[in-house]
Structure formats: structure tokens, C-alpha cells
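Understanding the architecture of this molecule
Here is how the chains run, residue by residue.
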Amino acid sequence: MKGVQDSGASLIAWSPLLTGIKLGLLISGALSLIVILYGLYNVILHPLRRYPGPPLWRAWRVPYVISIHRGNMHRRLKEFHQKYGPVVRIAPNELSYTDGAAWKDIYGNRPGQLPFERNRTWFVKRTLDQAQSIMGPDEEAHARLRRVFANAFSERSLRDQSPVIECYVEALMNQLKSTSFGRQWKDKTVDLVQWVNFVAFDISGDLSFGESFDCIKTGKAHPWVEVVNGFGKGLALVSTINLYPPMESLLKYIIPPKIRQQQIDHREMSAAKARKRLAWDTDRPDFITPTKKYNDQKSAISDKEWELNMSIIVFAGSETTASTLSGIFRELVQNPGVLHRLTHEIRGTFNGERDITVASTGRLPYLNAVINEGLRLCPAVVIGVPRVVPKGGDTVCGQWVPGGTYVAFNQFSANRMSRNFHHPNSFIPERFLNPDPKTDDMSAFQPFGLGRHSCIGMKHAYAEMRLILARMLYSFDIALADQHDRWDWGDQQAFIFWDKRPLRVTLRRSSMS
Ligand code: HEM
């Protein structure tokens, strides 16, 4: 009897816990049901239901988020486009395109039609007084900022700025040629990824902040550069969290305090550098002199906007150029035939290193073809910058897309589709010498984007890349340090930007230098 009483008493004592467990099961059951029903709705009833794509990705956004954080989104998208075709639904409300016609429809300026704006989840504004940026989604602010900075990127400004670019490339060459510990060298092994990063950031720092980061001089990355090199992973985290607005408030708990402090210090360092350059009364040839002149008349840009946009331009101008050059150098050392033909063109054109300038490298057909082929195989903007279809919907590639859908042209996938390019995974610069529309669809090739948001620094990027490649191949015979170190550029991870692996090459002074 006592035993029964005891077990009855303990059952009573357990009953709140059992009720709690039951309630918990009920709630998690209900939540799972909602998640399943939401997935089923997305696949069966959603307005995008007729677009093909991997079932789990069409049902929920989670696989997309996981892939972004694994750094393999570019490879997954390529697989999907190979399987499902030129338009793939990669999330309940997102379509990915590889058909060249999508460039004009999504990014082009179409008079009389509403624009496809930049997707706000990528460029969210955290406070109302946060400065506007040229990379931001606000079309009005963008148009104003684009006008303010336009003169700094004109053909004429590039001519004025060329001596600055040449001076840093000269410094790079001197550093690479320098003796090691006082001894002349015959062969020298260097990591080219590191050195092109140094030169690209030093040039960008000078043209925007008025001072170099001194990466070439010191042989190491400046703290400002070190922080922005990890920027892609941060942007990937923020952009995916922004997809789930209630999670946004958790950001401050997710980001470790050390990283948060690093971000604050970095912002302050950028602001101090920007203020220093702006206070300088000078006519030096850089991005700021023409912009300041315009702004003195129009007062179009606030102090905070100066600070934010100068940092953006430093980053946009260096990471992209450094990535592309890293890709081109890797392709060259892995393709000796192309390297030989390019070296022959460069050494046959110039009579000495002094002849190699921004202006004189503009007319080398094979050099230009090599750069374009590098931009195709190793696109700096790996994953398309998404846009949003305007209210009321619009047509992309002849198919109706409802308003609010995210749409993007994905360059890595598009450039490696055999329906766009013959032997799409091979490095064949010749395809750019005499493009044959039967084998290569050049409408798919827009490495600098299209329309009002297309790259403002395109001329500068080509100028820098031509000069660096020409000077390097004129002065050095370059080969892979380890002949087994061969792989496809796309094998690397990409967190919005490429997570670049080293490129160890052996340099030997050429007979020309
Ligand atoms: C190989 C080098 C480069 C590549 C592949 C590249 C690519 C791109 C692309 C695809 C866009 C369009 C983004 C969008 O559609 O939302 C863009 C925008 C931009 N790029 Fe570049 N870029 C390069 C170099 C540069 C350089 C050297 C600078 C400046 C010095 C620069 C500054 C910018 C800026 C400010 C924007 C935003 C333009 C706007 O929204 O009006 N880029 N770039």
C-alpha cells in the first residue's frame, strides 16, 4: 500500500515535468509541421514553382545559407546550372541566371521601366543616420554619389594618375629584384598572391587616402589590409543573417567581441585616414582631387559619406584587381604555351623596362586577350550581386518573374557553361582575339557588370593589370615552384570573395632585365 502511495506521490511530483515535455513536444511538432507546410507551399504553390532547381533549395533557404558559409556556393551553382539549365531557382524567392540575355534584363538601364534595385539584405542600413554608399541599394543616393565620383575615374584622370600607378609597380619590381641578405640570386621563390595583393592595396591606398599602406616596402600586409582580407566571411555572415530579420538583433551576440572591436578600430582608422586626406590642400593626381573639386561647387556629399565611400573604393579597387591578377598568374604558369606567347609579345614590343607604361601597354592584343580570359575563368565577383524584381513583376529572359523575387547573374557558373563558351574550363585567350559567335557567346561575358551600377574603376583595373603583367613577364621568367601544385581556380573556397590560396612561383631574371 505504502509502495502505491509512494509511486502516486512521485507521479504527482513528476506531473509538471511531464506536462512540460508534452507541451514541448506539441510546440516542436507544430513548428515542424509549419516548416514542412512552408516547404511544400514553396515547391507546389509558390508563384516560382515552375522554375527548375534542386528540391530542398526550392523549398527552404537553409541549404543556400549553409553553402554560403561553406564557401562552395559557386561550385553548387555551377552544378545546378549544368543540371537544370540557364535559369535555376536556388531559394524559395531567388533565381540564378547564366543566359547572357539576363544581363540587360536585370542590370541594364531600361527607359520607362522600373529599375531592379540592389537587394537590401546584402546592403542593410542599421541606423537611419548611417551614411549612404555608392554600393548601396538606394537608387537616388547612388546616382548622386556616382556623379560625385565620376570625374575621378575618367580617361583624363587615369592619364593624370598613371605615374602614381607606375611608381608602385616600379617599387614592386625593385622589391622582387632586390638581393636577399646582400647576395645576388639566380632563382627566387615568392608567393605571387601576396605580392599582387600588396601592390593593389598600396595603389588604392595612395589614390584614395593619399598615402600608401607600405605593404610593398615592408613586405607585409598593413593592419587595415589584413582586416579587409577577411571581410568576405563577415559579409557572408551578415548577408545571410539579414535574410532572417528577427536574427539581426542577435548579430551582436554572434560576432565575437574581439572581431567587433576590430571592426570599430578599422572604421576609426579608415575615418582618420579619410579626414587626413580631405584636410590636405593639394592638387595631387588621385581619386579625391577631382571629387573634391566637384563637391566644393555642389556640396553633394557629407563628411560621413566621404569616409564610408573612400574605404569602399579602396577595397573595391584592390581586392578585385588582386584576385583577378592572382588568377591570371596561376593560369599562365599552368599553361606554358600561353605564357610563352604572351612573354614573346611583351618582350618583342618594348626596348626596355622604362618603355613599359600604362599608356604603352594599352595596345597589346594578346595581353588584353589573356586578361579577358582571366576575368572569364576567375571572375572577381564570384556570386552575382542580387537585384530585386520591382513591384508588379517583370520579364527576364522572356519569362515572367513576380515582383520581390531576388535575381542574379552568376558569372562563375555562366563563364563555365559549354552553352556559352567552348572548352569552358580551359584557359584559351585566343577566343578573345577573333570571337566566334558560333562557339563563344560574348554577351554572357560582363566581368565589370552592366548599367548604372557597372564598375566605375574598369579602366583603372585594366591599366593596373596590363602594367603589372607586362613588367613581370618582361623582367622575369616565371614558373610554378612545385609542378604538382596545379588545380582549377574554382577549387578554392569563396566567401563572397575568393579565399585565395598561395601561388608559389620561381622567378629568374630574364635576359631582358
Ligand atoms: C578586375 C577588377 C575589377 C572587377 C572584376 C570589378 C567588378 C565590378 C562589378 C561586377 C561591379 C558591379 C557590382 C554590381 O553590379 O552591384 C563593380 C562595381 C564597382 N567597382 Fe569594380 N571591379 C574591379 C575593379 C575596380 C576598381 C579598380 C575600382 C576602383 C578603383 C572599382 C570600384 C567599383 C565601385 C565603386 C563599384 C560600384 C559602382 C556603382 O555601383 O556605381 N572596381 N565592380
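Residues numbered from 1 in each chain as written. Predicted model: local features only at pLDDT ≥ 70, side-chain atom pairs only at ≥ 80, totals over all residues. Heavy atoms only, no water.

The line we're drawing: UniProt positions are given in the numbering used here, feature names are shortened, and annotations may be inferred rather than shown by experiment.
Under an unreviewed UniProt entry, the name given to the protein chain is Cytochrome P450, and the organism recorded is Lojkania enalia. Quoted verbatim from the Cofactor (unreviewed entry) field of UniProt, the annotation for the protein chain is "heme".

1. Re the packing of aromatic side chains
Note the cut-off: Aromatic rings from Phe, Tyr and Trp, with only the six-membered ring used for Trp, were paired whenever their centres fell within 6.5 Å, and each pair was classed as stacked if the ring planes differed by under 30 degrees, edge-to-face if by over 60, and tilted otherwise. Look at NZ for Lys and CZ for Arg. If either is within 6 Å of the ring centre and within 35 degrees of the ring normal, a charge sits over the ring.
The final tally for this structure, using the stated rule, is 16 aromatic pairs. Ring pairing ties together the aromatic residues Phe201, Phe209, Phe213 and Trp224, which thus form one cluster. The aromatic ring of Tyr366 is capped on one face by Arg341, whose charged end is 4.3 Å from the ring centroid. Taking the ring centre of Trp487 as reference, the NZ or CZ of Arg501 above it sits at 4.3 Å.

2. Considering helix α16 (residues 336–349)
Test applied: Helical segments are the DSSP runs of H or I of at least four residues, strand segments are the runs of E of at least two, and each set is numbered from the N terminus. Here, expected helix span is obtained from the residue count minus one, scaled by 1.5 Å. Only protein chains enter the calculation, and the probe is 1.4 Å; a residue is then buried if its accessible area is under 20% of its type maximum, exposed if over 50%, and partly exposed in between. Contact criterion: two residues are considered in contact whenever any of their non-hydrogen atoms come within 4.5 Å of each other.
For α16, built from 14 residues, the straight-helix expectation of 20 Å at 1.5 Å per residue is met to within 8% by its first-to-last C-alpha distance of 20 Å. Every buried residue of α16 is listed here: Val338, Leu339, Leu342, Thr343, Glu345, Ile346 and Arg347. Packing partners of the buried residues in α16 comprise α15 (303–334), α17 (365–377), α19 (458–475) and β9 (476–480).

3. A few points about the packing of α16 against α17
Using the following cut-off: Throughout, an axis means a line fitted to C-alpha atoms (over the contacting stretch in the case of helices), and angles, computed between N-to-C directions, take values from 0 to 180 degrees. Each angle is binned into one of four classes, with values under 35 degrees roughly parallel, values over 145 roughly antiparallel, values of 65 to 115 roughly perpendicular, and all other values oblique. Helix crossings fall into two classes, left-handed where the near helix is turned counterclockwise from the far one by less than a right angle and right-handed where it is turned clockwise. As a working rule, the residues Ala, Val, Leu, Ile, Met, Phe, Trp, Tyr, Cys and Pro are called nonpolar, Asp, Glu, Lys and Arg charged, and the rest polar, with Gly in that last group.
In the contact formed by α16 and α17, the axes pass within 8 Å of each other and the chain directions differ by 140°. The pairing of α16 with α17 is recorded here as oblique in orientation. The chirality of how α16 crosses α17 is left-handed. Between α16 and α17, the residues in contact are Val338, Arg341, Leu342 and Glu345 and Pro365, Tyr366, Leu367 and Val370, respectively. Among the residues forming the contact of α16 with α17, the class breakdown is six nonpolar, no polar and two charged.

4. Brief notes about the sheet that holds strand β8 (residues 406–409)
To be explicit about the condition: In this scheme, strands are said to pair when DSSP sees at least two bridges between them.
Overall, mixed pairing links the five strands, which are arranged β1-β2-β8-β5-β3 in an open sheet. The sheet terminates laterally at β1 (87–91) and β3 (117–118), the two strands that pair on one side only. Summarising the sheet, β1 and strand β2 (residues 94–97) pair through four bridges and their orientation is antiparallel. If you follow Ala91 over to β2, its bridge partner there is Glu94. Lying over the sheet, helix α4 (residues 73–84) contacts β1 and β2, oriented at roughly 135° with respect to β1.

5. Describing the UniProt feature "transmembrane region" (unreviewed entry) in the protein chain
Under the feature "transmembrane region" (unreviewed entry), the UniProt entry names residues 20–41. Its end C-alpha atoms 31 Å apart, residues 20–41 is made of 100% helix and 0% strand.

6. Some remarks on the coordination of the iron atom of the ligand
This is how it is decided: Metal donors were taken as nitrogen, oxygen and sulfur atoms no farther than 2.8 Å from the ion, or 3.2 Å where the ion is Na, K or Ca. Water is excluded, so coordination may look unfinished.
When only protein atoms are considered, the iron atom of the ligand has one donor, Cys455 (SG), at a distance of 2.3 Å. As for its position among the elements, Cys455 is in the loop between α18 (411–415) and α19.

7. Quick look at unusual backbone geometry
Negative phi characterises most residues that are not glycine, and trans characterises most peptide bonds. We note that Ser299 has phi near 45°; this positive angle belongs to a residue other than glycine. Counting through the fold element by element, Ser299 comes out in the loop between α14 (288–298) and α15. Here Ile496, not a glycine, exhibits a phi torsion of approximately 65°, which is positive. Here Ile496 is to be found in the loop between β10 (494–495) and β11 (497–498). Relative accessible area serves as the criterion here: at 8%, Ile496 is assigned to the buried category.

8. A few points about the confidence of the model for the protein chain
Basically, it comes down to this: Here pLDDT means the predictor's own confidence in every residue, given as a number from 0 to 100.
In the predicted model, the protein chain carries a mean pLDDT of 92, and 94% of its residues have values of at least 70. Prediction confidence for the complex, expressed as pTM and ipTM, is 0.93 and 0.99 respectively.

9. Points about empty space enclosed by the protein
Quick reminder of the rule: A cavity, in this analysis, means grid points on a 1 Å lattice covering only the protein atoms where a 1.4 Å probe fits yet has no way out; a pocket is instead an open set bounded by protein on both sides within 12 Å along at least five of seven lines, and a residue lines either one if it has an atom within 4 Å of a point. Grid points are joined across faces, edges and corners, and a volume is the space filled by probe spheres set on the points.
In total, this model carries one cavity of 30 Å³ or more according to the counting rule given. There is about 30 Å³ of room inside the largest cavity. In terms of lining residues, the largest cavity is bounded by Tyr64, Ile68, Thr121, Trp122, Ser239, Thr240 and Leu243. Contributing elements (two or more residues each) for the lining of the largest cavity: α3 (62–70) and α11 (231–241). Residues that form the lining of the largest cavity fall into these classes: four nonpolar, three polar and no charged.

10. Examining the sheet that holds strand β4 (residues 187–191)
Across the sheet, three strands lie side by side as β4-β12-β9; this open sheet has antiparallel pairing. Pairing within the sheet leaves two strands with one partner each, and these edge strands are β4 and β9. Neighbouring strand axes in the sheet, compared pairwise and without regard to direction, differ in orientation by 30° on average. The pairing of β9 with strand β12 (residues 504–509) spans five bridges and is antiparallel. Note on β12: the bridge partner recorded for Asp477 is Arg508. Lying over the sheet, α15 contacts β9 and β12, oriented at roughly 80° with respect to β9. Lying over the sheet, α19 contacts β9 and β12, oriented at roughly 95° with respect to β9.

11. Re the side chain of Asn368
To be explicit about the condition: The term polar contact refers here to a pair of N or O atoms within 3.5 Å; inside protein, the definition further demands a hydrogen-donor-capable atom paired with an acceptor-capable atom, and it admits residues adjacent in sequence only when both atoms are side-chain atoms.
Position of Asn368 relative to the elements: it lies in helix α17. Among the polar contacts listed, one links the side chain of Asn368 to the backbone oxygen of Gly362, at a separation of 3.5 Å.

12. Points about the layout of surface pockets
One simple way to see leftover space: roll a probe sized like a water molecule over the atoms. Here the second largest pocket is characterised by a volume of approximately 420 Å³. What lines the second largest pocket is a set of 20 residues, among which Asn197, Asn229, Trp498, Asp499 and Lys500 lie closest to the centre. Elements with a contribution of two residues or more to the lining of the second largest pocket: α8 (192–209), α10 (223–229), α11, α15 and β11. Residue contributions to the lining of the second largest pocket peak at four residues, all from α8.

13. Details of the site of the ligand
Here is the rule: When at least one non-hydrogen atom of a residue lies within 4 Å of a molecule or strand, that residue is treated as near it.
Taken together, 28 residues form the shell around the ligand, and within it Arg118, His142, Arg146, Arg387 and Cys455 come nearest. Contact between the ligand and Arg387: an oxygen atom at 2.8 Å from a side-chain N or O atom of the residue. Within the side chain of His453, one N or O atom sits 3.2 Å away from an oxygen atom of the ligand. For the shell around the ligand, the secondary structure elements donating two or more residues are α6 (139–150), α15 and α19. The leading source of residues in the shell around the ligand is α15, at five residues.

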